[in-house]
Amino acid sequence: MVGCNPKREDEPVAFSQDAWSFEGREAVRFQTDHFDIYTTLRDTQFAQALPGFLETSFAQYNSLLPAPIDKKRRLQTYVFDTRRQWESFTRQRFPQRFPVYRQISAGGFAEGNLCVVYYLRRMYTLSVLAHEGMHQYFANFFDVKLPAWVNEGLATYCESYELAGDRPVFTPKRNTFRLNALREALSVGSIIPLKEMLATDAGQVIVRGRSQVTKTYYAQAWAMLVYIRHGEGGKYSAGFDELMKGIVSGDMPLIAQAAKIRAPEPANTSYGEAVFRAYITDDLQAFDHGFQAYLYKLAGFRPAQ
């Protein structure tokens, strides 16, 4: 898929390793070109795979932009062996927001330059790192408010992968976890309307958990990015490329404001919808018609009659 999988290098990722401690426990810090990785993992083999996985994830994020990021500022990533350690660190570092972060049922979070996750199982932990790493990447390198459909869409788009040796190959169109949630939503008729998806505020993304609404939201955010980049023979892919340019340049909010003014009902047009109108299409009805059909195709279902 063009612009999806970064070029894979055969040589291993170079990194340094030194001692680190957390609450009196011996731990490890890895340092790569783009990451400082702090981990208390007892699974040392898995820990050794983190530098290669994160650097390949970084290359995947870069592949979505008009030109790769060349800044050398390192992202700070913490991978804890247990949820208890994760909670202890989060309580210390983010005391005011800890009650909110504590509600996260599995995985972790990203805030600014920090990504903080805890171990569940190998494959799922790496998927969480890729997802939260995308949030971390955009928050650290770009000073632009992303609407939730972009922010969560990009994160879910980058969380699915296969391992080729010890290096990941990202597979955005084959996100099994989100695909199962999408199938469930289609089966019970709980797909979220397009305008509602676009209006979800980036600062109030649906509370993380196991509710059906939450699972449906993330599944649709993933499916919408897949549709925009790969659906309809690439009809909307140029718009996605322009959106990425707008994020990099910082022009996106101003261009979105102009689109809001031109919208049929400016007062009822959310920031997320304005961004969508500015870069993807002004014809929400036509997009939604094609998107609904694509959801069934993606899920392997026959369209509803």
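Further up the page is the structure itself.
What you see is a predicted model, and the numbers here were worked out from it, not measured in a lab.

A. Main features of the overall build of the protein chain. Of regular secondary structure, the protein chain possesses 12 helices and eight strands. By the compact-globule yardstick of 19 Å for 305 residues, the protein chain fits well, its C-alpha radius of gyration being 19 Å. Dimensions of the protein chain, computed from C-alpha atoms along their principal axes, come out at roughly 60 × 40 × 40 Å. Each of the 305 residues in the protein chain was classed as buried or not, and the buried ones make up 52%. Put simply, 64% of the contacts in the protein chain that link residues at least 6 apart link residues at least 24 apart. When the accessible area of the protein chain is evaluated, it comes to approximately 14,400 Å², of which 50% is carbon and sulfur surface. Charged side chains of the protein chain number 35 positive and 32 negative; the gap between the two group centres comes to 3 Å.

B. Seen up close, the packing of aromatic side chains. Following the criterion strictly, the structure yields 36 aromatic pairs and no others. Arranged with centres 5.6 Å apart and planes meeting at 80 degrees, the rings of Phe94 and Phe109 form a pair that is edge-to-face. Of this pair, Phe94 sits in the loop between α2 (83–93) and α3 (98–101) while Phe109 sits in strand β5 (residues 108–111), and the two are 15 residues apart along the sequence. No difference in accessibility class separates Phe94 from Phe109, as the two residues are buried. Aromatic rings pair up to connect Phe35, Phe58, Tyr61, Tyr137, Phe138, Phe141 and Phe142 into one cluster.

C. Local environment of the packing of helix α10 (residues 252–262) against helix α11 (residues 271–279). Two elements in contact, α10 and α11, have axes separated by 8 Å at closest approach and are oriented at 90 degrees. If you check the angle between α10 and α11, you find them roughly perpendicular. From α10, Met252, Pro253, Ile255, Ala256, Ala259 and Lys260 reach across to α11, where they touch Tyr271, Ala274, Val275, Arg277, Ala278 and Tyr279.

D. Geometry of the nonpolar core. Tyr137, Phe138, Trp149, Leu182 and Phe287 are the most contacted members of the largest nonpolar core, which totals 73 residues. Leu182 has contacts with Ile191, Ala219, Trp222, Ala223, Leu295, Leu298 and Ala299, leaving out every residue within four places of it along the chain. Ranked by size, the runner-up nonpolar core spans 15 residues in total, among them Tyr38, Phe80, Ile104 and Tyr118.

E. How the structure looks around the sheet that holds strand β3 (residues 35–39). One open sheet accounts for six strands, arranged β1-β2-β3-β4-β6-β5; its pairing is mixed. Edge positions in the sheet fall to β1 (16–22) and β5, since each has one partner strand and no second. Adjacent strand axes in the sheet meet at a mean angle of 20 degrees, parallel and antiparallel pairs treated alike. The pairing of strand β4 (residues 75–80) with strand β6 (residues 114–118) spans five bridges and is classified as parallel.

F. Spotlight on the packing of helix α8 (residues 212–230) against helix α12 (residues 284–299). With their axes 10 Å apart at the nearest point, α8 and α12 run at an angle of 110 degrees to one another. Classified by the angle their axes make, α8 and α12 are roughly perpendicular. In this structure, α8 uses Gln220, Trp222, Ala223, Met224, Val226, Tyr227, Ile228 and His230 to contact α12, whose residues at the interface are Phe287, Gly290, Phe291, Tyr294, Leu295 and Leu298. Its residues placed into classes, the contact of α8 with α12 shows 11 nonpolar, three polar and no charged.

G. Region of interest: the side chain of Asp36. Here Asp36 shows up in strand β3. No salt bridge is formed by the buried Asp36, whose closest oppositely charged neighbour, Arg74, lies at an N-O distance of 4.2 Å. Separated by 2.9 Å, the side chains of Asp36 and Gln76 make a polar contact. Each residue touching Asp36, except ones within four places of it in the same chain, is listed here: Arg29, Phe30, Gln31, Arg74, Leu75, Gln76 and Thr77.

H. Expanded view of helix α9 (residues 237–249). An ideal rise of 1.5 Å per residue puts 18 Å on 13 residues; α9 measures up with 19 Å between its terminal C-alpha atoms. Looking at the buried side of α9, the elements it contacts are α4 (122–141), α5 (148–157), α8, α10 and α11. Looking at the residues trailing α9, positive phi occurs at Gly250, about 85 degrees.

I. Representation of the pairing of β1 in the model. As judged from the seven bridges shared by β1 and strand β2 (residues 25–31), these two strands associate in the antiparallel manner. Residue Ala19 lies in a different strand from β2, and its bridge partner there is Val28. In this antiparallel pair of consecutive strands, β1 and β2, the connection spans two residues, and Glu23 shows a positive phi of 50 degrees.

Conventions adopted
Residues numbered from 1 in each chain as written. Predicted model: local features only at pLDDT ≥ 70, side-chain atom pairs only at ≥ 80, totals over all residues. Heavy atoms only, no water. Helix = DSSP H or I, 4+ residues; strand = E, 2+ residues; numbered from the N terminus. Rg over C-alpha atoms; globule rule 2.2 N^0.38 Å. Buried < 20%, exposed > 50% of the residue type's maximum accessible area, 1.4 Å probe, protein only. Contact = heavy atoms within 4.5 Å. Areas by Shrake-Rupley, 256 points an atom, 1.4 Å probe, with all protein chains shown as cover. Lys, Arg positive; Asp, Glu negative; His and termini not counted. Charge placed at Lys NZ, Arg CZ, Asp CG, Glu CD. Phe/Tyr/Trp six-rings, centres within 6.5 Å; stacked < 30°, edge-to-face > 60°. Axes fitted to C-alpha atoms, helices over the stretch in contact; angles between N-to-C directions. Parallel < 35°, antiparallel > 145°, perpendicular 65-115°, else oblique. Core = buried A, V, L, I, M, F, W, Y, C linked by side-chain atoms within 4.5 Å. Pairing = 2+ DSSP bridges. Nonpolar A, V, L, I, M, F, W, Y, C, P; charged D, E, K, R; others polar. Salt bridge = Lys/Arg side-chain N within 4 Å of Asp/Glu carboxyl O. Polar contact = N/O pair within 3.5 Å; in protein donor to acceptor, adjacent residues only side chain to side chain. Expected span 1.5 Å × (residues − 1).

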